[in-house]
Every structure is written in C-alpha cells, then in structure tokens.
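Structure assessment
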Amino acid sequence: MTTRDTWSDGLSPDEILVRAGRIGWMVHAVVVGLAALGLNALDMPRIAIGLATTGIPLSLVIAAIMFRGFNLRAYFVLTGLAGVMWGALALAVAPSGLGEATLFVTLVIGGTAAAAIAIQFPRPWLVATSLAPALSGLTIAHLLPGTPLGLSIAPMVLIYGLLLALLARYMREIFNANLRLTAQLSDQVDALGRAVEERDRAMAVKQRLLRHTGHDMRQALHAVKFVLHFLRDQRLS
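Throughout, a residue's number is its position along its own chain's written sequence, starting from 1. In view of the model being predicted, local features appear only for residues whose pLDDT reaches at least 70, and side-chain atom pairs are presented and counted only at 80 or more, with totals across whole chains, interfaces and linings using the full set of residues. Side-chain measures were taken over the full set of non-hydrogen atoms in the model, leaving aside hydrogen atoms and water.

1. Description of the environment of Ile 16
- Residue position: Ile 16 is located in helix α1 (residues 13-41).
- Three exposure classes are used, based on accessible area relative to the maximum for each residue type with a 1.4 Å probe and protein chains only: buried under 20%, partly exposed in between, and exposed over 50%. Overall, Ile 16 belongs to the buried group, its relative accessible area being 13%. To qualify as a helix, a DSSP run of H or I must reach at least 4 residues; to qualify as a strand, a run of E must reach at least 2; elements of each kind are numbered from the N terminus.

2. Re helix α2 (residues 46-67)
- Helix span is expected to be 1.5 Å times the residue number reduced by one. Over its 22 residues, α2 runs 32 Å from end to end, which matches the ideal 32 Å to within 8%, given 1.5 Å per residue.
- Listed in full, the buried residues belonging to α2 are Ala 48, Ile 49, Leu 51, Ala 52, Gly 55, Leu 58, Ser 59, Ile 62, Ala 63, Ile 65 and Met 66.

3. Things to note about helix α5 (residues 124-143)
- Over its 20 residues, α5 extends 28 Å from the first C-alpha to the last, a length consistent with the 28 Å expected when each residue adds 1.5 Å.
- Within α5, the axis deviates most sharply at Leu 131, by approximately 35°, and proline Pro 133 lies no more than four positions further along.
- Within the span of α5, buried status applies to Leu 126, Val 127, Thr 129, Ser 130, Leu 131, Ala 134, Leu 135, Gly 137, Leu 138, Thr 139, Ala 141 and His 142. Two axes define the bend at a residue: one fitted to the seven residues ending there, one fitted to the seven starting there, and the bend is the angle between them.

4. Looking at a nonpolar patch on the surface
- Note that patches include only residues with greater than 30% relative accessible area and no salt bridge, and the join distances are 9 Å for like charges and 5 Å for nonpolar side chains (Val, Leu, Ile, Met, Phe, Trp, Tyr). Methods summary: accessible areas were calculated by the Shrake-Rupley approach with a probe of 1.4 Å, and residue burial reflects only the protein chains presented. Here, a salt bridge means any Lys or Arg side-chain nitrogen found within 4 Å of an Asp or Glu carboxyl oxygen. Residues Ile 23, Met 26, Val 27, Val 31, Leu 60 and Phe 67 make up a contiguous nonpolar surface patch of roughly 540 Å² in combined accessible area.
- Residue assignment for the nonpolar patch shows that the elements contributing at least two residues are α1 and α2.
- Ranked by residues supplied to the nonpolar patch, first place goes to α1 with four residues.
- Within the fold, Val 31 resides in helix α1.

5. A look at the confidence of the model for the protein
- When pLDDT is averaged along the protein, the result is 77; 79% of the residues meet or exceed 70.
- For every residue, the predictor assigns a confidence score, pLDDT, that lies between 0 and 100. For the protein, helix α4 (residues 99-120) is the element with the lowest average pLDDT, namely 73, and α2 is the one with the highest, namely 86.
- In this model, residues 1-8 is a region of pLDDT below 50 whose contacts with residues beyond four sequence positions or in other chains number 21 contacts. Pairs of residues are marked as contacts when any of their non-hydrogen atoms sit within 4.5 Å.

6. What about the nonpolar core?
- Counting residues in hydrophobic clusters, the biggest one holds 30 residues, and the most contacted among them are Leu 39, Met 44, Trp 86, Leu 89, Val 93 and Val 105.
- Elements supplying a minimum of two residues to this core: α1, α2, α3 (72-93), α4, α5 and α6 (150-236).
- Note on terminology: a nonpolar core comprises buried Ala, Val, Leu, Ile, Met, Phe, Trp, Tyr and Cys residues joined through side-chain atoms within 4.5 Å. Among the nonpolar cores identified, the runner-up in size contains twelve residues, and Leu 58, Ala 63, Met 66 and Leu 78 belong to it.

Have a look at this one:
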C-alpha cells in the first residue's frame, strides 16, 4: 500500500470506514431499539414494529463483520438492506394516520442518514445505496393521504437527501485533498532526506580533502623550513 492511497495516519479508505463503522453501527442498533419502543408506545401496526425491531440484529451483524474482517460486498448488501428496511418502515407507519408517528420515523431516519454520511464518506456510493431507498420511502410516506404537512415535509426530505449527497461528495474531496497533500509531503520529506545525504557525502569529501591537503602543506612547510635552516647554516659557516 502506498502513501497515495492511504489517509494521513496510514489508513486506507476501507480501514477508515471500518474504524468509524464499528462504533457507529452499534450506536445505530441502540437507536433502532429506541425507535421500536417508541412505535410500540404509539400502537403502530405490528409490521412497523417488526421492521424497526429487525433493524437491531441487522445493525449488530453489520458491526460484527467489521470486527471480524471487512467485506465490502457484504457491507454493500447489508447497508442497502438497512435502507430498504427504513423506507418500508416509513410506508408501514404512514397509513396509520398518526402524523406524529411519521414525523418520529422521519427524525430517526434523518439521524441515521447523518450518521451514514459520517461513517461512509470514504465510499460515497455506499451513502447512495443505503440512503436512496430510505429517503424514497420516507418521501412517499409523507405524500400519502392523512399525513399532516406532507406536501411541505416531502420536498424537505428530498432537499435533505440532496444536501447529504453533496456533503458526502465534499467530504470525499477533502479526503482526496488530504491524500494528495500527504503524498506531496512524503515526496518532499524524501527529497529532503536525499539532500541531507548528499550534503553529508559532500562534507565527508571536504573533510578528507582538508586532511590530505593539510598533510601535504605541512610536509611542504617542513621542507621549506629545512631548506632555510640549511641555508642559514651554510651562510654561517
């Protein structure tokens, strides 16, 4: 693995996805459990409660595959299934005519969508896989008869989904920019290391030259000194 396909701390996109997802999907299981309790308190249809309850083991399975070794294909299938489950949950709740139940599911799915963006931005197409069916089901649920403010909330859901997609894109661009900066920094560090090595070699050559030159100069000075002494002795004699 090279520096160019890793994050600044040496992690690949999938490794970042795994590190965030391990905790994120366990938290998601707790949120789904609370949603199931809330729907049960509102006397929602059994299918709605069943869909919400099914999300608990599904979230735990997704977290488990991240602990045991990440499989991108399995993750793709399971997160897509989670999105379908949330979309089906919204459609199961809407016919009850209880507006607060649909709004409650909207809140839960909205929070889940934000978590999905935070977790899955290294692979933006995973965001679309999990969010598209969920937001589609939620939009249709608000357009069904008997849903208060449905005509106002449905467009908001679509806008929210668009904003999430743009957020995933921008986070990915930041991710790629970090990779490029990391690669450039690595190249500069390598270049600096080579420059230091060349400087050390040049200094070593210079020191050897000075040692040899100094030795030769001392020999020449000794010879001149010897000649001067010889001439002086000849002159005296």
